[in-house]
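Each chain, letter by letter, is given below.
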Amino acid sequence: MLEVHLVPHSHTDPGWLHTFDKYYFMSVERILDEVLTALEASPQRTFTWAETCFFARWFDGCSDGEQARVRSLVRTGQLSFVGGGWVMHDEALTNPHAMAMQMAEGHTWLRDNLNVTVHVGWQIDPFGHSTASAAVLAACGLSSQVIHRVHHVTKKRWREEKRLEFEWEVAPDQSLLTHVLYDAYTWPTGYDLEFQHKQGDPPSSYPAKVETAASGLSKLLLNRSAAYMTDVMMLPAGGDFRWDQAGHSFAFVDDVIRRINDEADRLVAQCARATGPTRVSCLKDEVRLVYSTPDRYFAALRRQPRFSTPPRWRDDLLPYADKPADYWTGFYTTRPALKALVPAATAAVVAAEWTGLAARQAAEEVAVAAVVAGASAAGAAAARASGAAAAAAAAADIEDAATLRLARRRAYLSLHHDAITGTSPPHVIVNFEQSCINASRDAAQIAAAATARLLDLQHSTGPAPWRSLPPLRPLTSSYSESPMSPPGVLVLLNSAAFSRCELLPVRLANGSLIVDADGRPAAATYTLDTDATVETAVLRACVPALGMQTYFVEALGERALPDFSSSNFIKDRVASPAVRSEWERHHLTNFVGKPSKKIKPRTLILTKGCLGAEVNVTTGMLSSLFDICSNRSAQNSASASNSSGAMGASHHTLRIRPELALYRPCKGGSYIFRPVYNATPLLPEYEPSARMHTRRSHLFEEVTRASAIADANGLPYEVQARLVHIGGVHRIETMAEVPHAGLQGSENEGGRSLESDPVEAHAVRLRVKLSSLRDAEMVLWLHTSLDSAELRVDDGLHTAARARPPSTSAAAATS
């Protein structure tokens, strides 16, 4: 007997063709109202919900009586929840930490309001599936999941091999039971029971429609059963924003289920009279259909003897393709401005959460100390002051809680698989962008206030310049930020669970100096801007995990300039013209491309410690990476044995040939990367008027190639390579800035300027970082990320990088 679990559900995107708010008032509110009434009409009916963001909004607007009705349906199991995250997150672009945070937000709401613990993941619409996402679901306590978008060739093979259900190994000792939907998360084609009999159809046609639907659906289910190992199947019953007429739809489905089960009962009675092979063949034709939920389905599946040793799977299921040549990789790069805003918002939320927690813990410690100190008359005054500070911090925590909760939910909304992917229309993308901006703003204000309270509690005496801290903001290379003037305070927060060392650009008023908490000049280099009133400092900062580092901005005053050759060299722009010229002679060199193609391309060598990089002067691109120390040893050995040992000849040199290419728009829109024409080089191999600039300091060496080819706004294409020594690690960073090259997008979307629509501007910086070269074996670790750069008008060109999706936070090793 084939047991089919029919799972009524409604897939409700919190922003796709319309915004979150419009979808709620247009569809979601009515769906949930209808479902609530329909479930109460029959205890056999069930319904499954996934997106907590929508349900929370609807539930909070219900009366006390309606909320009690909902809780009753949850207790009986008629209303079930799957996934449980605030949204159904994208799996290719969202980093695992962000996935976990948004899952925690949704699960916490369900637990606190409905006493629900989710056990089944429901990732039915993301454009491909990753092991990272499966691992996050398993870490959140889920034991199984349902997915859908698997490469069409893979899914076809899995149907033939009965592998649509398997254990996804996400760790050596952890796996997630996974069910792949047969073809879609909607009703089977031709058997959409919600609309088989529409309201207003003649009643006389009803019995025939029930009979036709029952007979055809039974045959279809029997055919599908050949793709599964057991006699238990799941049938999704719904679609996008479905069951908005739940009462009418459930009534028809009730009759279809009753007709199928009546036929099953007839077959059982008939088979009871048969014997031998006839009886076995008879039982194979029996189908029984029941209302169910994913939890019930997986419980039934685990009870099947034939499923005691399910197939195993370990790899990602990316990229996704639903037909030949239609790879869903366009969304990897669509609307990079939004892709930069989303992780910035989630990082700001994390910073606000842990700084608030640290401030609260410090306030509690101060309160305890105040009680102890208050035992003596001498400590009474200090106790009152400390107690007042602790009380103020506690009051601020209460005020910030609601703001932070709203900031979290705004940030997590943009992790949805139609948000960060950039696959929504422009007006919806703008809405997602504004959610990220608002989340970042509110979280930054909370983090700044919490940091000020924390520092104030830890340093109750003396001046406290941090008491007027501005809202915290991420340090970027954007030149739109206003410069800091002395006296000022710069607090760096690291919201990651590991220590970080970075070179951070900080804009300052000319004549400023960054010093650490002890008053010593911080490790930094300074460059004067073109207007001579503003300078950019590149600060080397190391911040511990979940920690902070405080710096102060002071006026340079009479501080003596260090020797340029010293490793502590910090200033260059306040020197006399003669001294400035001397610095430029040592630290800044301009190169002009050679006028003949026949001349061998010139190269520049960048070195820091044992790491070296060779840069092609003609193109500005890296041509090789090498381990100087190992190569030097190899050369000495080769010289001793009368062998040649030229630089780069040993196995410690890696020759590379990076390329940047442009593609014309493709017909796949925001989803699919399918170019119309072959790629054309972004930068020509020979460009006489291109200029190369090199800069060397104790922190880094870099070379920048500025192309003579400019966009419509006069901005050149630039390629930069930087060799960095920071935090005890030598690494190389390459960056290509393409200010006028629009990335993947639909053909009918015209380019827009920053002022009219910032998310439609597609300029990006593509960064690649190399952490190290191994001695025993040559391994190149590439970390790719997309950053928004100067946002300009899109001229319709599209570019793509042959790389792993940027936000998977995974390194790709190439030997």
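Scroll up a little and you will see the structure.
In this text the structure is predicted, and so the values were computed from the model without any measurement.

Engineer: Break down the overall build of the protein chain for me, with residues and values.
Structural biologist: Helices and strands together make up the secondary structure of the protein chain, namely 15 helices and 31 strands. Counting over 815 residues, the protein chain shows a buried share of 51%. Restricting the contact set of the protein chain to residue pairs at least 6 apart, pairs at least 24 apart contribute 71%. Split by element, the accessible area of the protein chain, about 35800 Å² in all, is 53% carbon and sulfur.

Engineer: Kindly report on the pairing of strand 7 (residues 174–180), identifying the contributing residues and their values.
Structural biologist: For strand 7, a buried count of 5 out of 7 residues is recorded, marking the element as mostly surrounded by other parts of the structure. Pairing analysis gives 4 bridges linking strand 5 (residues 144–147) to strand 7, with the strands arranged parallel. Bridge assignment links Gln 145 to a residue of strand 7, and that residue is Thr 178. For strand 6 (residues 165–171) and strand 7, the ladder comprises 6 bridges, and the chain directions are antiparallel. Opposite Glu 167, over in strand 7, you have Leu 177 as the bridge partner. Where strand 6 folds back onto strand 7 in an antiparallel hairpin, the turn is made up of 2 residues.

Engineer: Tell me about the packing of helix 1 (residues 20–41) against helix 2 (residues 52–60), and please be specific about residues and values.
Structural biologist: The geometry of helix 1 relative to helix 2 is characterised by a closest axis approach of 10 Å and an angle of 70° between their N-to-C directions. In terms of orientation, helix 1 lies roughly perpendicular with respect to helix 2. Touching Phe 20, Asp 21, Tyr 23, Tyr 24, Phe 25, Val 28, Glu 29, Leu 32, Asp 33 and Leu 36 of helix 1 are Cys 53, Phe 54, Phe 55, Arg 57 and Trp 58, all from helix 2. Residues that form the contact of helix 1 with helix 2 fall into these classes: 11 nonpolar, no polar and 4 charged.

Engineer: Can you lay out the environment of Arg 57 for me, pointing to particular residues and giving the numbers?
Structural biologist: Turning to its location among the elements, Arg 57 is positioned in helix 2. C-alpha separation for the pair Arg 57 and Val 28, spaced 29 residues apart in sequence, amounts to 9.9 Å. Aside from chain neighbours lying at most four places away, what touches Arg 57 is Phe 20, Asp 21, Tyr 24 and Phe 25.

Engineer: Give a description of the side chain of Thr 178 that names residues and reports values.
Structural biologist: Residue position: Thr 178 is located in strand 7. Side-chain polar atoms of Thr 178 contact the side chain of Gln 145, separated by 3.4 Å. Separated by 3.0 Å, the side chain of Thr 178 and the backbone oxygen of Leu 176 make a polar contact. Non-local contacts of Thr 178, meaning those with residues more than four positions away in its chain, are made with Gln 145, Ile 147, Leu 164, Glu 165, Phe 166 and Trp 168.

Engineer: Report on the nonpolar core, specifying residues and quantitative values.
Structural biologist: Phe 55, Phe 81 and Leu 221 are the most contacted members of the largest nonpolar core, which has 110 residues in total. Residue contributions to this core peak at 10 residues, all from helix 1. Once residues lying within four places of it in the same chain are set aside, the contact partners of Leu 221 are Leu 2, Val 4, Met 233, Leu 235, Val 287 and Leu 289. Residues Leu 490, Ala 537, Leu 539 and Leu 556 belong to the second largest nonpolar core, which totals 19 residues.

Engineer: I'd like to hear about the sheet that holds strand 14 (residues 524–528), residue by residue, with values.
Structural biologist: Read from one edge of the open sheet, 3 strands run 12-15-14, paired in antiparallel fashion. Each end of this open sheet is capped by a strand with a single partner; those strands are strand 12 (500–509) and strand 14. Going across the sheet, the axis of each strand differs from the next one's by a mean of 20°, ignoring polarity.

Engineer: An account of unusual backbone geometry is requested, with residue identities and associated values reported.
Structural biologist: In this chain, Leu 318 is followed by Pro 319 through a cis amide linkage whose omega measures -5°. You can see Pro 319 is positioned in the loop between strand 10 (312–313) and helix 11 (336–373). Residues other than glycine seldom take positive phi values, yet Asn 115 does so here, at roughly 55°. Within the secondary structure, Asn 115 sits in the loop between helix 4 (96–114) and strand 4 (120–123). Residue classification places Asn 115 among the exposed residues on the basis of a relative accessible area of 69%.

Engineer: So what's going on with the state of the cysteines? Residues and values would help.
Structural biologist: Following the criterion strictly, the structure yields 1 disulfide and no others. Between the sulfur atoms of Cys 501 and its disulfide mate Cys 542 the distance is 2.1 Å. As the torsion about the S-S bond is roughly 120°, the Cys 501-Cys 542 disulfide counts as right-handed. Of this pair, Cys 501 sits in strand 12 while Cys 542 sits in strand 15 (residues 534–543), and the two are 41 residues apart along the sequence. Residue classification places Cys 542 among the partly exposed residues on the basis of a relative accessible area of 32%.

Engineer: Account for the packing of aromatic side chains, naming residues and giving values.
Structural biologist: Given two aromatic rings, one states the distance between the centres and the angle between the planes to describe the pair. The final tally for this structure, using the stated rule, is 25 aromatic pairs. Each ring, one from Phe 20 and one from Phe 54, has its centre 4.6 Å from the other, and the planes form 5°; the classification is stacked. Placement of the pair is Phe 20 in helix 1 and Phe 54 in helix 2, with a sequence separation of 34 residues. Ring centres of Phe 47 and Trp 243 lie 6.2 Å apart, and the angle between their planes is 85°; this geometry places the pair in the edge-to-face category. Taken together, the residues Phe 47 in strand 2 (residues 47–49) and Trp 243 in the loop between strand 8 (232–240) and helix 8 (246–272) connect sequence positions 196 residues apart. When its relative accessible area of 0% is taken as the criterion, Phe 47 is described as buried. Overall, the relative accessible area of 0% leaves Trp 243 in the buried class. Taken together, the ring pairs in this structure connect Phe 47, Trp 49, Phe 55, Trp 58, Phe 59, Phe 81, Trp 109, Trp 187, Trp 243, Phe 250 and Tyr 291 into an aromatic cluster.

Reading the values: the criteria
- Residues numbered from 1 in each chain as written.
- Predicted model: local features only at pLDDT ≥ 70, side-chain atom pairs only at ≥ 80, totals over all residues.
- Heavy atoms only, no water.
- Helix = DSSP H or I, 4+ residues; strand = E, 2+ residues; numbered from the N terminus.
- Buried < 20%, exposed > 50% of the residue type's maximum accessible area, 1.4 Å probe, protein only.
- Contact = heavy atoms within 4.5 Å.
- Areas by Shrake-Rupley, 256 points an atom, 1.4 Å probe, with all protein chains shown as cover.
- Pairing = 2+ DSSP bridges.
- Axes fitted to C-alpha atoms, helices over the stretch in contact; angles between N-to-C directions.
- Parallel < 35°, antiparallel > 145°, perpendicular 65-115°, else oblique.
- Nonpolar A, V, L, I, M, F, W, Y, C, P; charged D, E, K, R; others polar.
- Polar contact = N/O pair within 3.5 Å; in protein donor to acceptor, adjacent residues only side chain to side chain.
- Core = buried A, V, L, I, M, F, W, Y, C linked by side-chain atoms within 4.5 Å.
- Disulfide = S-S within 2.5 Å.
- Phe/Tyr/Trp six-rings, centres within 6.5 Å; stacked < 30°, edge-to-face > 60°.

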